[in-house]
Amino acid sequence: MTMRIEMWADVTCPWCGIGAHRLQQALDRFEHRDHVEVVHRSFVLDPSLEAGAELISTRELLRHKYGLSDEQADAATSNVQDIARGDGLQPYVVSDNVVGSTQLAHEFLAWATTKGKHADAWHRISRRYFGEAKSIFDIGSLADVATELGLDATDAREALES
């Protein structure tokens, strides 16, 4: 018998990233890990961000979306980074990162899943965004991720452009 865990997340949600990491740590300690299937589900956290639009800083997003001052935004993102560091996620870039539409990244993840790279693609996107503060918002960046996963970058580009 297999237990299935479905995790709904946006790839730029810092709490989702921490939650995924904690789930993986728990599964690594679980003696019946071979009987657990984790399925990541795409959830676009902020559909108001338009694909192709200019990227904005995390601070700017928090200021406009939640009405936080710069000081409040810095405190909130520092808190998240401290929690991530305490969980062994380092680096985990939140405050000095940018945000944009994640629609294309989720389309890439769906494509990668059809190529047998479901978990690897979710992990790589998270690592690229939070661990390296690299873009996941455009076709070129996602084609690079495809290559890193051993997939064909041209196929990835074609899938994302269609």
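Relevant structure appears above.
Summarised in this report is the structure supplied together with it. Here the residue numbers are simple positions, counted from 1 along each chain's written sequence. Local features are withheld for residues below a pLDDT of 70 in this predicted model, meaning they are given only at 70 or higher, and side-chain atom pairs are given and counted only at 80 or more; totals for whole chains, interfaces and linings count all residues. The basis for every side-chain value is the complete set of heavy atoms in the structure, and neither hydrogens nor water enter the calculation.

**Topic: a negative patch on the surface**
Consideration 1: Here a patch means residues that are over 30% exposed by relative accessible area and free of salt bridges, tied together within 9 Å if like-charged and within 5 Å if nonpolar (Val, Leu, Ile, Met, Phe, Trp, Tyr). Accessible surface area values rest on a Shrake-Rupley calculation with a 1.4 Å probe, where residue burial reflects the displayed protein chains alone. Salt bridge, as applied in this entry: a Lys or Arg side-chain nitrogen positioned within 4 Å of an Asp or Glu carboxyl oxygen. The charge count treats Lys and Arg as positive and Asp and Glu as negative. His and the chain ends do not count. Charged side chains are reduced to one point each, which is NZ for Lys, CZ for Arg, CG for Asp and CD for Glu. On the surface, Asp152, Asp155, Glu158 and Glu161 cluster together into a patch of negative charge.
Consideration 2: Only runs of H or I of at least four residues qualify as helices and only runs of E of at least two qualify as strands under DSSP, and these elements are numbered from the N terminus. With respect to the helices and strands, the residue aspartate 155 is situated in helix α7 (residues 153-161).
Consideration 3: Remark: exposure states derive from per-residue accessible area (1.4 Å probe, protein chains only) relative to the maximum for the residue type, with buried under 20%, exposed over 50%, and partly exposed in between. A relative accessible area of 36% places aspartate 155 in the partly exposed class.

**Considerations on helix α6 (residues 139-148)**
Consideration 1: Within the sequence span of α6, burial applies to Ile139, Ser141, Leu142, Ala143, Val145 and Ala146.
Consideration 2: Those residues of α6 that are buried are in contact with α4 (103-114), α5 (118-131) and α7.
Consideration 3: In the stretch just after α6, glycine 150 is the one whose phi turns positive, near 80°. Residues count as neighbours in contact if any of their non-hydrogen atoms are within 4.5 Å of one another.

**Focus: the pairing of strand β1 (residues 3-9)**
Consideration 1: Between any two strands, at least two bridges found by DSSP are needed for them to pair. Pairing analysis gives 7 bridges linking β1 to strand β2 (residues 36-42), with the strands arranged parallel. Residue pairing across strands places arginine 4 opposite glutamate 37, the latter belonging to β2.

**Observations regarding the pattern of salt bridges**
Consideration 1: Under the counting rule described, the total for this entry stands at 13 salt bridges.
Consideration 2: With a closest N to O distance of 3.5 Å, aspartate 46 and lysine 65 form a salt bridge. Of this pair, aspartate 46 sits in the loop between β2 and β3 (56-57) while lysine 65 sits in helix α2 (residues 58-66); the two residues are 19 residues apart in sequence, bridging distant segments of the chain.
Consideration 3: The class of aspartate 46 is buried, set by a relative accessible area of 13%.
Consideration 4: Residue aspartate 74 is joined to arginine 59 by a salt bridge in which the shortest nitrogen-to-oxygen separation is 2.7 Å. One end of the pair, aspartate 74, is in helix α3 (residues 70-86); the other, arginine 59, is in helix α2, and 15 residues separate them in sequence.
Consideration 5: Residue aspartate 74 is classed as partly exposed on the basis of its relative accessible area of 28%.
Consideration 6: Residue arginine 59 is classed as partly exposed on the basis of its relative accessible area, which comes to 33%.

**Description of unusual backbone geometry**
Peptide bonds are, in most cases, trans, and in most cases residues other than glycine have a negative phi.
Consideration 1: In the segment running from glutamine 90 into proline 91, the intervening peptide bond is cis, with an omega of -5°.
Consideration 2: Structurally, proline 91 can be placed in the loop between α3 and β4 (98-99).
Consideration 3: The backbone phi angle of alanine 133 is positive, close to 55°, even though this residue is not glycine.

**Observations regarding the side chain of threonine 58**
Consideration 1: Mapping threonine 58 onto the fold places it in helix α2.
Consideration 2: Those residues within four positions of threonine 58 in sequence are excluded, and the remaining contacts are Thr77, Val94, Ser95, Asn97, Val98 and Val99.

**A few points about the packing of aromatic side chains**
In this description, an aromatic ring pair is defined by two values, namely the gap between the centres and the angle between the planes.
Consideration 1: Within 6.5 Å between ring centres, the rings of Phe, Tyr and Trp (the latter by its six-membered ring) count as paired, and their orientation is classed by plane angle as stacked under 30 degrees, edge-to-face over 60, tilted in between. What the rule picks out here adds up to 4 aromatic pairs.
Consideration 2: Ring geometry for tyrosine 92 against phenylalanine 130: centres 4.5 Å apart, planes inclined by 10°, an arrangement best described as stacked. Here the residue tyrosine 92 occupies a position in the loop between α3 and β4, and phenylalanine 130 occupies one in helix α5, the gap between them amounting to 38 residues.
Consideration 3: Judged by relative accessible area, which is 3%, phenylalanine 130 ranks as buried.
Consideration 4: Consider the rings of tyrosine 129 and phenylalanine 137, whose centres lie 5.9 Å apart with planes at 85°: the pair is edge-to-face. You'll find tyrosine 129 and phenylalanine 137 in the same group, each marked buried.
Consideration 5: Here the aromatic residues Tyr92, Tyr129, Phe130 and Phe137 are joined through ring pairs into a cluster of three or more.

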